[in-house]
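Fold and contact review
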Amino acid sequence: MTKLARYRRIVVKVGSSLLVERGGDVRREWLDSLAADIADLAAAGADCLVVSSGAIALGRARLGLAGRKLKLEEAQAAAAIGQIGLSRAWAEVLQARSIHAAQVLLTLGDTEERRRYLNARATLTTLLSLKAVPVINENDTVATNEIRYGDNDRLAARVAAMVGADCLVLLSDVDGLYSAPPAQAKDARLIREVPQITAEIEAMAGDAGSELSRGGMRTKIEAGKIAVAAGAAMVIASGHHLNPLKRVAEGAPSTLFRPQTTPASARKAWIAGHLEPKGSLFLDAGAVKALGAGRSLLPAGVTGHSGRFQRGDTVMLLDPAGGEIGRGIVAYDAEEAAQIIGRQSKEIAAILGYTRRPALVHRDDMVLREPAKGEA
Ligand code: GLU
């Protein structure tokens, strides 16, 4: 059984066919029951984010364009109309439970380009700290084929990775992953748990999808790869009944993909291994000690810098002897750093005219080198 209550940060992806009736109206009673489940999870202390499809499906019905394949411009136009209704529906059902819905429309660059990624991440985490529920969709109105996620399964997985979620739930029109596509194989059985996404698991996916939604099982497995590598468990479950999350928590059929790591170590591995350092910060002995004790790096503990790094770049952290003690993502550009190093964090606003963060490198954004054997 998938006990959703044990997760601290949950992304729930909702497919178009669940949200929008064939006639083109929002399935209000169902959405209301999902909002009730989300409110329960939030009341139990979890941060909840929603990735909601349905903009194009809603808009096309309102425009009388149902029943045929849309041209790109038509899909973009339909999304512009449908997104308003979609957001309103979410705002109303959440507001009924005293939760603010926050509309966030992303394009591919928001998860792929570093600066935009950091901005989107900062906004989402701020919303979560304010106890709002981000309701996210792709910005279909401006996204063209070359620059789109295309399906919300993968968008949801990217969002889960971006916010360090420990669980991603994909609600769709299937119970989970079957050993073979159920429409083709009568004896297909539901796989309850996937410890690892192997070639055999991928082969089970087939390529099914309904008329209203894009993502078939294949894109769900692709989403799963992104999620589990980022430290999030992924659950595929049917949204065909009321209170779909409560049902999953109570043991309704579903497939659970086990995470391969934790969100925190996935982030640290990413910082340590995947990013080319763009510069260095020189630390005084006090700062080296503070970092060792799990603190963030404040400007006061830095004596100098090198390199033309920008906010969001990785920098090397060097001890007074010039040895690398770790790496981290820096919160200020090199020009800004030059002005604030050696100074107190409370002086930053007066020096720069603004503050980004009190720390030059936040402790969640750094990974320290393990001391070699024999080193203190
Ligand atoms: N972003 C699309 C919409 O809101 C849905 C994409 C998908 O179904 O995966 O209509």
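Residues numbered from 1 in each chain as written. Predicted model: local features only at pLDDT ≥ 70, side-chain atom pairs only at ≥ 80, totals over all residues. Heavy atoms only, no water.

A word on the nonpolar core
- By size, the foremost hydrophobic cluster in this structure holds 45 residues, and its most contacted members are V14, L19, I38, W90, L171 and L245.
- Of the residues forming this core, the biggest block, eight residues, is contributed by helix 4 (residues 72–95).
- One finds L128, I136, V163 and L170 within the second-largest nonpolar core, a separate group that totals 42 residues. (Core = buried A, V, L, I, M, F, W, Y, C linked by side-chain atoms within 4.5 Å. Buried < 20%, exposed > 50% of the residue type's maximum accessible area, 1.4 Å probe, protein only. Helix = DSSP H or I, 4+ residues; strand = E, 2+ residues; numbered from the N terminus.)

Let's talk about the layout of surface pockets
- The calculated volume of the largest pocket comes to roughly 1200 Å³.
- Lining the largest pocket are 40 residues; nearest its centre among them are Y117, R121, A161, M162 and R267.
- Contributing elements (two or more residues each) for the lining of the largest pocket: helix 5 (109–112), helix 6 (114–129), helix 7 (152–162), helix 9 (217–229) and helix 11 (263–274). (1 Å grid on protein atoms, 1.4 Å probe; cavity = no way out; pocket = protein on both sides within 12 Å on 5 of 7 lines; lining within 4 Å. Points joined across faces, edges and corners; volume = space filled by probe spheres on them.)

Some details on helix 2 (residues 28–43)
- Taking 1.5 Å of rise per residue, 16 residues should cover 22 Å, and helix 2 covers 22 Å from first to last C-alpha, within 8% of that figure.
- By the burial criterion, the buried members of helix 2 are W30, L31, S33, L34, A35, A36, D37, I38, A39 and L41.
- Residue G45 follows helix 2 closely and has a positive phi angle near 105°. (Expected span 1.5 Å × (residues − 1).)

Structural notes on the site of the ligand
- Lining the immediate environment of the ligand, one finds ten residues, of which A55, I56, N137, D140 and N152 sit closest.
- At a separation of 2.8 Å, a nitrogen atom of the ligand approaches a polar side-chain atom of D140.
- With the chains in place, 97% of the 290 Å² that the ligand exposes on its own is no longer accessible.
- Partitioned by chemical class, the residues of the shell around the ligand number two nonpolar, five polar and three charged. (Near = heavy atom within 4 Å. Polar contact = N/O pair within 3.5 Å; in protein donor to acceptor, adjacent residues only side chain to side chain. Areas by Shrake-Rupley, 256 points an atom, 1.4 Å probe, with all protein chains shown as cover. Nonpolar A, V, L, I, M, F, W, Y, C, P; charged D, E, K, R; others polar.)

Structural notes on the environment of R27
- Inspection of the secondary structure assignment puts R27 in the loop between helix 1 (16–19) and helix 2.
- Here the alpha-carbon distance between R27 and S17, two residues ten residues apart in the chain, equals 9.5 Å.

That's the geometry; what it means functionally is another story.
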